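Secondary and tertiary structure notes
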There are 2 protein chains.
Amino acid sequence: MTELVARTAAAIVIGNELLSGKIQDANVIELARTLRGLGVRLARVVTVPDDPDVIAAEVKALRQHVDLVLTSGGVGPTHDDVTIEAVARAFGVEVVVHPELRALLEDAYRERCTEHHLRMALVPAGAELVGTDGVHWPAIVMHNVWMLPGVPEVFRAKLEILRRRIHGPGRIFSRAVLTELEEAELKPHLDDVVRRFSDVEVGSYPRWRDSTYRTKVTFDAGREDRVAAALEAFVALLPAEARRSVE
Amino acid sequence: MTELVARTAAAIVIGNELLSGKIQDANVIELARTLRGLGVRLARVVTVPDDPDVIAAEVKALRQHVDLVLTSGGVGPTHDDVTIEAVARAFGVEVVVHPELRALLEDAYRERCTEHHLRMALVPAGAELVGTDGVHWPAIVMHNVWMLPGVPEVFRAKLEILRRRIHGPGRIFSRAVLTELEEAELKPHLDDVVRRFSDVEVGSYPRWRDSTYRTKVTFDAGREDRVAAALEAFVALLPAEARRSVE
C-alpha cells in the first residue's frame, strides 16, 4: 500500500462498555487530532454495540460516503469481538486466517499460543496488513476500512501507521480568539465575519465558570492568509474594553 | 409531561469542535451512566458536525428506532447553533419563540437582554419545556427528542430532569471479575458462560500495562440472581492460581 489521499473520514467506535457508561472513550479525540493534522475531515463518529449486523450495516453505509472508515474496538479473541466478522459481512467475503498475522502471533506467544490466540489472525478475505517502521503490529485494512483495536495504548500506536500512509488534500490552519464577551454579545460580529469569509469555518464556544475568558472563537480554513484575515476582521470589530487574547 | 417509560435511547452529539479534535467530549459518559442507572438501553451515539441537514436527517432516522433521542450541543445564540432549527426541520415544523423561555431570558439578562439573547427562546413549534425542582432552566423537548446544551456543566444539570422524568422497564444489574488471565486464555470459559447464560450480557476487557489485573469480565442483566449465577459459574471455571477479585 502506498500513500493514500483522503479528503473525508468517518469512525465507528465499537463497544457495549462505552454505551453503558462503564468506560470513557479515549480514542476519538486522538483520531480526530491525527486526522486534523493530516488535513483529513472527520465527518462523523458512530458509537455502536458489539453487534455484527449493526457494525456491518454501518461500515457498508459509511464507506460509500467518505474516503476512509476507521473502526475502533472489537478485534480481540473473545465472543464480544465481532468487528472482523462484521467488516467481512459488509464486503460479502469470508473470514480467513492471514498467514503473516498467524506467524506474528506464534512468534509473540510461542509455546503458549493456542487456537484462541490465533483467532486474532483472522481477517476479512482480501484484507491487507499495513505496517510501518517502529510499529510492531500492522493494521488490518480492507479497501478503505481500517480496523483498529480499542485498547487506547494500542490504538494510539496504530495511528502512527495512519500518519505515515494517509494524508489529506492540504493542511488545515486554525487560530482562535479568547474574549470577555458572551456569545449573544458577539453574535453580530460573528455574523459579519461569517458573511464576509465564507471560506473560513468560524466556531464559537462559551466557557462556563472560567475567570480567564467567556467565549472562544475559532477560525479554520485551508488557507493561512484567509484564517488570519478573518481573525483580524473579527478582532477589529470587538469593543476596545473586551479583554482578549489571540492563539 | 408525566413520567415516561423508555426502553431504548440514542444520542446525537453535535459539534465541529469534537470532530476536529479541539475538544474532548465529556457528555456521552454522563448520559450513558444516567440512562444505565434508569434502566434505559443507549443503543447508539452519533457525533455530527454543525450541519442542520445532517442533524435533521439523524433525528428523523433515530427517533423511529428508539424510544428517546437526546441531542447535545448547538443550542446557543450564534450562527453555529443549529440544533433547534434542525429538529424543527426533522418534524416539519417552524421555529417559534417560546413565551416561557423568553420570560426566563428577560428575567435573567434584564436590561442587557437583546434580540441575540432571545434567539435562545426559539424552539420547534409544538415543543414543550420540561423542568423539575432545583434545576433553574427547563429542557426543550419535542415529542421524544430532548435538546440538551453542549456545555458539560449545563448538560449535567439537565440530566437531573431526565432522571426525574424518564425510567426504563427495569433496573440493570452489573457485576465484574478481575482476572490475571489474558483474553485468549479466558476464551473457553467465557464461551461456556455465554452459552449457558443467554440472558446475561458478558463483556471482556483487556487491560494494558496494569499490574493489578489483565482482563475484566463483566456480567449484566435485568435479573440480579442471573448476574450472580453467571458470575459464580465463571469464577468456578477459573484455574485456582488465577488471582482474582470480584466487584
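Definitions and limits used
- Residues numbered from 1 in each chain as written.
- Chains lettered and ligands numbered in written order.
- Predicted model: local features only at pLDDT ≥ 70, side-chain atom pairs only at ≥ 80, totals over all residues.
- Heavy atoms only, no water.
- Helix = DSSP H or I, 4+ residues; strand = E, 2+ residues; numbered from the N terminus.
- Buried < 20%, exposed > 50% of the residue type's maximum accessible area, 1.4 Å probe, protein only.
- Contact = heavy atoms within 4.5 Å.
- Areas by Shrake-Rupley, 256 points an atom, 1.4 Å probe, with all protein chains shown as cover.
- Lys, Arg positive; Asp, Glu negative; His and termini not counted.
- Charge placed at Lys NZ, Arg CZ, Asp CG, Glu CD.
- Least-squares fit on C-alpha atoms with pLDDT ≥ 70 in both.
- Phe/Tyr/Trp six-rings, centres within 6.5 Å; stacked < 30°, edge-to-face > 60°.
- Core = buried A, V, L, I, M, F, W, Y, C linked by side-chain atoms within 4.5 Å.
- Pairing = 2+ DSSP bridges.
- Axes fitted to C-alpha atoms, helices over the stretch in contact; angles between N-to-C directions.
- pLDDT = per-residue confidence, 0-100.
- Parallel < 35°, antiparallel > 145°, perpendicular 65-115°, else oblique.
- Left-handed = near helix turned anticlockwise from the far one by under 90°.
- Nonpolar A, V, L, I, M, F, W, Y, C, P; charged D, E, K, R; others polar.
- Buried area = accessible area lost by both parts, 1.4 Å probe.
- Salt bridge = Lys/Arg side-chain N within 4 Å of Asp/Glu carboxyl O.
- Polar contact = N/O pair within 3.5 Å; in protein donor to acceptor, adjacent residues only side chain to side chain.

1. A word on the overall build of chain A
Within chain A, the secondary structure is distributed over nine helices and 14 strands. Considering only C-alpha atoms, chain A reaches an extent of 70 × 40 × 35 Å along its principal axes. When each of the 247 residues of chain A is scored for burial, the buried share is 56%. Long-range contacts, defined here as pairs at least 24 residues apart, represent 71% of the contacts in chain A between residues at least 6 apart. Carbon and sulfur atoms make up 49% of the accessible area of chain A, which amounts to about 11100 Å² in all. Across chain A, the 31 positively charged side chains and the 37 negatively charged ones have centroids separated by 4 Å.

2. Observations regarding the relation of the copies chain A and chain B
In the superposition of chain A on chain B (RMSD 0.0 Å, axial shift 0.0 Å), the rotation amounts to 180 degrees. Such a turn and shift between the copies fits a two-fold axis. Residues of chain A ranked by C-alpha distance from the rotation axis are headed by Val46 of chain A, positioned 2.3 Å from it. Comparing interface residues between copies, 100% of those in chain A also lie at the interface in chain B; the contact surface is shared.

3. Observations concerning the packing of aromatic side chains
Residues and elements named next belong to chain A. Here the structure, examined in full by the defined rule, presents two aromatic pairs over all chains. With a centroid separation of 5.7 Å and 55 degrees between ring planes, the pair formed by Phe219 and Phe234 is classed as tilted. Of this pair, Phe219 sits in strand β13 (residues 215-221) while Phe234 is found in helix α9 (residues 224-237), placing the two residues 15 residues apart along the sequence. You'll find Phe219 and Phe234 in the same group, each marked buried.

4. Comments concerning the nonpolar core
Judged by nonpolar contacts, the single largest core of 63 residues is most densely connected at Val59 and Ile140 of chain A together with Val59 and Ile140 of chain B. Those residues within four positions of Val59 of chain B in sequence are excluded, and the remaining contacts are Ile12, Val87, Ala90, Phe91 and Val145 of chain B.

5. Focus on the sheet that holds strand β11 (residues 173-179) of chain A
Within a sheet, adjacent strands bond to each other through the backbone by hydrogen bonds, running parallel or antiparallel. Residues and elements named next belong to chain A. Overall, antiparallel pairing links the four strands, which are arranged β12-β13-β11-β14 in an open sheet. Looking at which strands have only one partner, the edges of the open sheet turn out to be β12 (201-206) and β14 (244-246). Between one strand axis and the next, the sheet turns through 15 degrees on average, direction left out of account. As defined by bridge partners, β12 adjoins β13 across six bridges and the pair is classed as antiparallel. Bridging from a neighbouring strand, Glu201 pairs with Asp220 of β13.

6. Here's the deal with the pairing of strand β3 (residues 41-48) of chain A
Among the eight residues of β3 of chain A, seven are classified as buried, and the element is accordingly described as predominantly covered. Here β3 of chain A pairs with strand β3 (residues 41-48) of chain B via three bridges, running antiparallel. Each residue of the ladder has a partner; that of Val45 of chain A, found in β3 of chain B, is Thr47 of chain B.

7. Let's talk about the confidence of the model for chain A
Across chain A, pLDDT averages 93, with 99% of residues at or above 70. Across the interfaces of the predicted complex, the ipTM metric reaches 0.94, alongside a pTM of 0.95.

8. Quick word on the packing of helix α8 (residues 183-196) of chain B against helix α9 (residues 224-237) of chain B
Residues and elements named next belong to chain B. Running from N to C, α8 and α9 cross one another at 150 degrees; their axes reach a closest spacing of 10 Å. The pairing of α8 with α9 is recorded here as roughly antiparallel in orientation. Both α8 and α9 take part in a crossing whose hand is right-handed. In this structure, α8 uses Leu186, His189, Leu190, Asp192, Val193 and Arg196 to contact α9, whose residues at the interface are Arg226, Ala230, Ala233, Phe234 and Leu237. A class-by-class count of the residues in the contact of α8 with α9 yields seven nonpolar, one polar and three charged.

9. Quick look at the interface of chain A and chain B
Between chain A and chain B, the residue contacts involve 57 residues of the former and 57 residues of the latter. Between chain A and chain B, a total of about 4800 Å² is buried, with carbon and sulfur atoms accounting for 55% of that surface. Counting across the interface, chain A meets chain B through six salt bridges. Measuring nitrogen to oxygen at the nearest pair gives 2.7 Å for the salt bridge that ties Lys22 of chain B to Asp220 of chain A. For the interface between chain A and chain B, the tally reads 24 residue pairs in polar contact (both at pLDDT 80 or more).

10. Some details on the sheet that holds strand β4 (residues 68-72) of chain A
Pairing is mixed across the open sheet formed by twelve strands, whose spatial order is β7(A)-β8(A)-β9(A)-β4(A)-β2(A)-β3(A)-β3(B)-β2(B)-β4(B)-β9(B)-β8(B)-β7(B). Lying at the two open borders of the sheet, with one neighbouring strand each, are β7 (128-132) of chain A together with β7 (128-132) of chain B. If you compare each strand with its neighbour and ignore which way they point, the axes differ by 25 degrees on average. Judged from the seven bridges that link them, strand β2 (residues 8-14) of chain B and β3 of chain B form a sheet pairing that is parallel. Paired with Ala9 of chain B across the bridge in β3 of chain B is Leu42 of chain B. Sheet strands in contact with helix α7 (residues 152-165) of chain A are β4, β7, β8 (135-142) and β9 (145-148) of chain A, and its direction is about 70 degrees off that of β8 of chain A. Where helix α2 (residues 27-38) of chain B meets the sheet, its contacts fall on β2, β3 and β4 (68-72) of chain B, and the angle it forms with β4 of chain B comes to roughly 155 degrees.

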